[in-house]
Every structure is written in structure tokens, then in C-alpha cells.
Amino acid sequence: MLKMHHLSKVYRTHLIETHALRDFSIHVKNGEFVAVTGPSGSGKTTFLNIAGLLEEFSGGEYFLDGVDVRGMNDAARSRLRNEKIGFIFQGFNLIPDLNLFDNVDVPLRYRGFNAAERRRRIEQALSRVGLSARMKHYPSELSGGQQQRVAIARALAGSPKILLADEPTGNLDTQMARGVMQLLEELHAEGATIIMVTHDPELAARAQRNVHVIDGQVVDIQAEPRLRSVGAPPLQSAQA
Ligand SMILES: Nc1ncnc2c1ncn2[C@@H]1O[C@H](COP(=O)(O)OP(=O)(O)O)[C@@H](O)[C@H]1O
Ligand SMILES: [Mg+2]
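Residues numbered from 1 in each chain as written. Chains lettered and ligands numbered in written order. Predicted model: local features only at pLDDT ≥ 70, side-chain atom pairs only at ≥ 80, totals over all residues. Heavy atoms only, no water.

### Structural notes on the site of ligand 1
Link 1 in the chain: As a structural note, the neighbourhood of ligand 1 is formed by Tyr11, Thr18, Ala20, Pro39, Ser40, Gly41, Ser42, Gly43, Lys44, Thr45 and Thr46.
Link 2 in the chain: One nitrogen or oxygen atom from the main chain of Gly41 is found 2.7 Å from an oxygen atom belonging to ligand 1.
Link 3 in the chain: Thr45 has a polar side-chain atom sitting 2.9 Å from an oxygen atom of ligand 1.
Link 4 in the chain: For ligand 1, the accessible surface in isolation is 560 Å², of which the surrounding protein chains cover 62%.
Link 5 in the chain: Going through the elements one at a time, strand E2 (16-28) and helix H1 (44-51) are the ones with two or more residues in the shell around ligand 1.
Link 6 in the chain: Of all the elements, H1 adds the most residues to the shell around ligand 1, at three residues. (Near = heavy atom within 4 Å. Polar contact = N/O pair within 3.5 Å; in protein donor to acceptor, adjacent residues only side chain to side chain. Areas by Shrake-Rupley, 256 points an atom, 1.4 Å probe, with all protein chains shown as cover. Helix = DSSP H or I, 4+ residues; strand = E, 2+ residues; numbered from the N terminus.)

### Notes on the pairing of strand E3 (residues 33-37)
Link 1 in the chain: Of all five residues in E3, five are buried, a share of seventy percent or more.
Link 2 in the chain: Neither face of E3 is open: one carries Phe33, Ala35 and Thr37, the other Val34 and Val36, and all of them are buried.
Link 3 in the chain: Strand direction decides the pairing type here: E3 and strand E9 (residues 209-214), joined by four bridges, are parallel. Residue pairing across strands places Val34 opposite Arg209, the latter belonging to E9. (Buried < 20%, exposed > 50% of the residue type's maximum accessible area, 1.4 Å probe, protein only. Pairing = 2+ DSSP bridges.)

### Here we look at the side chain of Glu32
Link 1 in the chain: Of note, Glu32 is situated in the loop between E2 and E3.
Link 2 in the chain: Residue classification places Glu32 among the buried residues on the basis of a relative accessible area of 9%.
Link 3 in the chain: A polar contact is formed between the side chain of Glu32 and the backbone nitrogen of Lys29, at a distance of 2.8 Å.
Link 4 in the chain: A distance of 2.9 Å separates a polar atom in the side chain of Glu32 from a polar atom in the side chain of Arg209.
Link 5 in the chain: In this view, Glu32 contacts His27, His188, Ala192, Thr193, Ile194, Gln208 and Arg209; residues no more than four positions away in its chain are not counted. (Contact = heavy atoms within 4.5 Å.)

### Focus: the nonpolar core
Link 1 in the chain: Counting residues in each nonpolar core, the largest one holds 39 residues, and the members touching the most others are Leu126, Ile152, Leu184, Leu187, Ile194 and Met196.
Link 2 in the chain: Listed by contribution, the elements that provide at least two residues to this core are E3, helix H3 (100-111), helix H4 (115-128), helix H5 (144-156), strand E7 (162-166), helix H6 (174-189), strand E8 (193-197) and helix H7 (201-206).
Link 3 in the chain: Filtering out sequence-adjacent residues up to four positions away, Ile194 remains in contact with Glu32, Phe33, Val34, Leu163, Leu184, Leu187 and His188.
Link 4 in the chain: Core analysis: the next-biggest nonpolar cluster, separate from the first, contains 30 residues, Leu48, Val69, Leu80 and Val211 among them. (Core = buried A, V, L, I, M, F, W, Y, C linked by side-chain atoms within 4.5 Å.)

### Observations regarding H4
Link 1 in the chain: Between the first and last C-alpha of H4 there are 20 Å, a value that for 14 residues agrees with the 20 Å anticipated at 1.5 Å per step.
Link 2 in the chain: Of all the residues in H4, the buried ones are Arg118, Arg121, Ile122, Ala125 and Leu126. Mapping the buried residues of H4 onto a view down its axis gives an arc of 125°, with all of them on the same face. Set apart from the buried face of H4 by more than 90 degrees, the exposed residues are Ala116 and Gln124. (Expected span 1.5 Å × (residues − 1). Arc of directions from axis to C-beta.)

### A closer look at the packing of H3 against H5
Helix-helix packing is described using two parameters, namely the angle between the two axes and the distance between the axes.
Link 1 in the chain: Look at H3 against H5: their axes get within 8 Å of each other, and the N-to-C directions meet at 35°. Seen along the crossing, H3 lies across H5 with a hand that is right-handed. Two secondary-structure elements touch here, H3 through Leu100, Asn103, Val104 and Pro107 and H5 through Val150, Ala153 and Arg154.
Link 2 in the chain: Split by residue class, the contact of H3 with H5 holds five nonpolar, one polar and one charged. (Axes fitted to C-alpha atoms, helices over the stretch in contact; angles between N-to-C directions. Left-handed = near helix turned anticlockwise from the far one by under 90°. Nonpolar A, V, L, I, M, F, W, Y, C, P; charged D, E, K, R; others polar.)

### Things to note about the confidence of the model for the protein chain
Link 1 in the chain: Of all residues in the protein chain, 91% have pLDDT values of 70 or greater, and the mean over the chain is 91.
Link 2 in the chain: A low-confidence stretch, residues 227-234 stays under pLDDT 50, and its non-local contacts, those more than four residues away or across chains, total four contacts. (pLDDT = per-residue confidence, 0-100.)

Next up, the structure:
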């Protein structure tokens, strides 16, 4: 699925070198819901951007669905991204001058679907997030939680294999954050693979697996907290 091995990313600006990721290894399987946590500046966004083929990396290996991403040219990279990846950002990133229908249409146009197929996908995606009745509305007419739902519909409309969410609830109040998280959980239950960066420990705890990043490295992978909490025996059985 998504497999990074000893990946590194160095940003070079004038005199400064920042090692945003170092020896970063992760393996995300089909259908997993992974929460990525870690302090600000630890490399979480860099990881998502590389995972989503928005940025190149400096060293190591990355395989997406078995495809070796290293050294791919821009056109091939964009094609793979459009086909496999859906992005959800903290700031929603909707286009203010376009109504909801046209916002969701933007990435579909790059995919070369015909108008009827795009309409079908847009209507289905907006219906999936509960906003069918608002198709002709503009982002500014919606609450933050609703805007994020549109962004999720836009990410979903292309039927991506993987949804990448960078602090998707970061700009929302608690109640709206819960609503967005619930939607992500439903999509996961329907088979989506989700990688979500979050600062919210309550939301992270609801994912299947937590990956903690510090200083550009994965430091701790907690396995299946939810399964443990529903009556499985403790990992370390009582010792004499
Ligand atoms: N475009 C860039 N140019 C230079 N440095 C960057 C750039 N993007 C991120 N960095 C640096 O890389 C490190 C990791 O950043 P980031 O991945 O955004 O962290 P996080 O999302 O965990 O807050 C930080 O030190 C940041 O300043
Ligand atoms: Mg970030």
C-alpha cells in the first residue's frame, strides 16, 4: 500500500539546512485509519505532502501501491496523485468564487471525466457528506464544519485509494470537529484508507493506529488501541 523506507527530506534555504524527515519508515495497509501526532515542526505536514506526491524527497524509498515513486517525472507524479490521493486541509482550501458543485468539480476536470460522469460523482460526493441541498451555495454561506465537509466531498469525488488529512479539525470548534471525525470514521468503515494528522488526543485515540513523529522520525507506533479497549487482555500479562 503506502510504504516508506528510511525516507529523508532536507529543505535547503540559503545557509540553512532543515532535516524535516530523517530515517522515516512507515507502512500503511489498505483500509487502515492512522492518526499522526507530534509537536509543531516535527515533520507531519512534510510526511503528508510527500505521501500525497506534492513534494519530492531527498533519500530513501517510497512505494505507493507497489509503484516506486522515486525519480518519477512531474507529469507521471501528478497523474498518480490525481488517481490515488484525496487531500483534506486544515483551512479547507475551497475556492470562494465557485459554488459547492464547481468546487468539487475542480480535481475531476484534471481527470478527464466527461460532464455526465463528473456530475454523477459530484452529486454522489456531496450527498455522501450531507450537502446535496447546498450544491449551488458558495463556501462563505456555510459553517466551518460544512466547508470541511465540502472539502471531504472534493477529496472523495475522484474515488481515491487514500485520504490524507492535515489537521482537518484544526479550525473547527469541538462539536464541528466531532462531526467531521464521525464522517471520516464512516468513510473508513466503508473501506477508505485514511491518514490524519491531528493535535487532538481525543480524535487520535479514535483512529486504529497512532504514529508519533518527533524531529522528523517515527518514535512510537501504538497498535490497535481500540481493539485493546474492548475487552482484549492487556498486552503485558501479569508477571510473577
Ligand atoms: N518549504 C519549506 N522550506 C524550508 N523549511 C521547511 C519547509 N517546509 C517545512 N520546513 C521545515 O521542516 C520542518 C517540518 O515542518 P512541517 O512538516 O511543516 O512540521 P509539522 O507539520 O509537524 O508542524 C520544520 O522545521 C519546518 O520549518
Ligand atoms: Mg503541519
